[in-house]
Amino acid sequence: MLPAFAQGAIGIACRVVTIWAFLETLEGSCRTPIAGYASRNENGNCLFRGLVASPDGTHVLETSRIGPYVVEDMMKMSKRCWGGASFLSWTWIFSS
């Protein structure tokens, strides 16, 4: 299960920046069903997992990326997960 954003989690600064970059790219807030988690995998790379759900929870889109564990690269990676689309631009998927 991916944790919701800003739920009291304390993490390493670059992981937090990565997650917030994902949320910012989607133009999400604490009221949008968006989740994300960044961690270091066994090879020392960043594993980023992201999730966007429809407001009623019936549709879920998930993504993941692996890249260098470097702040700038991690931010770029998380921003590219949805091609720079905002959360609202994904609502057409949920309504079909």
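The notes below deal with the structure included here. All figures in this text were calculated on a predicted structure; none of them were measured in a lab.

Brief notes about the overall build of the protein
Stage number 1. In terms of helices and strands, the protein carries three helices and three strands.
Stage number 2. Start at the N end of the protein and walk to the C end: the helices and strands fall as α-β-β-β-α-α.
Stage number 3. Of all 96 residues assigned to the protein, the portion counted as buried reaches 39%.
Stage number 4. Partitioning the intrachain contacts of the protein with sequence separation of at least 6 by distance along the chain shows that 48% fall at a separation of at least 24.
Stage number 5. Just so you have it, the protein exposes about 5,800 Å², and 57% of that area is on carbon and sulfur atoms.

Observations regarding the sheet that holds strand β2 (residues 46-53)
Stage number 1. Overall, antiparallel pairing links the three strands, which are arranged β1-β2-β3 in an open sheet. Lying at the two open borders of the sheet, with one neighbouring strand each, are β1 (34-40) and β3 (60-67). This sheet shows a mean twist of 10° between the axes of neighbouring strands, independent of strand direction.
Stage number 2. With eight bridges joining them, β2 and β3 adopt antiparallel strand pairing. Within β3, the position partnered with V52 by the bridge is L61.

A word on the nonpolar core
Stage number 1. Membership of the largest hydrophobic core comes to 14 residues, with the highest contact counts inside it found for F22, L26, I34, C46, F48 and W82.
Stage number 2. Every element with two or more residues in this core is listed here: α1 (13-25), β1, β2 and α2 (71-80).

Some thoughts on the packing of aromatic side chains
Any aromatic ring pair is given by two values, namely how distant the centres are and how the planes are angled relative to each other.
Stage number 1. Under the criterion given, the structure shown has one aromatic pair.
Stage number 2. Considering the side-chain rings of F22 and F48, the 5.0 Å spacing of their centres and the 65° angle between planes classify their relative orientation as edge-to-face. In this pair, F22 sits in helix α1 while F48 sits in strand β2, placing the two residues 26 residues apart along the sequence. Accessibility assignment for this pair places F22 and F48 in one class, buried.
Stage number 3. Sitting over the ring of Y69, R40 keeps its end group 3.8 Å from the ring centre.

Details of the side chain of T18
Stage number 1. Mapped onto the fold, T18 is located in helix α1.
Stage number 2. By relative accessible area, T18 is classed as buried at 0%.
Stage number 3. Apart from residues no more than four positions distant in its own chain, T18 is found in contact with A38, F48, M74, M75 and S78.

Re α2
Stage number 1. Restricting attention to buried positions, one finds in α2 the residues M74, M77 and S78. Projected onto a plane normal to the axis of α2, the buried residues spread over an arc of 95° and lie on a single side.

Definitions and limits used
- Residues numbered from 1 in each chain as written.
- Predicted model: local features only at pLDDT ≥ 70, side-chain atom pairs only at ≥ 80, totals over all residues.
- Heavy atoms only, no water.
- Helix = DSSP H or I, 4+ residues; strand = E, 2+ residues; numbered from the N terminus.
- Buried < 20%, exposed > 50% of the residue type's maximum accessible area, 1.4 Å probe, protein only.
- Contact = heavy atoms within 4.5 Å.
- Areas by Shrake-Rupley, 256 points an atom, 1.4 Å probe, with all protein chains shown as cover.
- Pairing = 2+ DSSP bridges.
- Axes fitted to C-alpha atoms, helices over the stretch in contact; angles between N-to-C directions.
- Core = buried A, V, L, I, M, F, W, Y, C linked by side-chain atoms within 4.5 Å.
- Phe/Tyr/Trp six-rings, centres within 6.5 Å; stacked < 30°, edge-to-face > 60°.
- Lys NZ or Arg CZ within 6 Å of the ring centre and 35° of its normal.
- Arc of directions from axis to C-beta.

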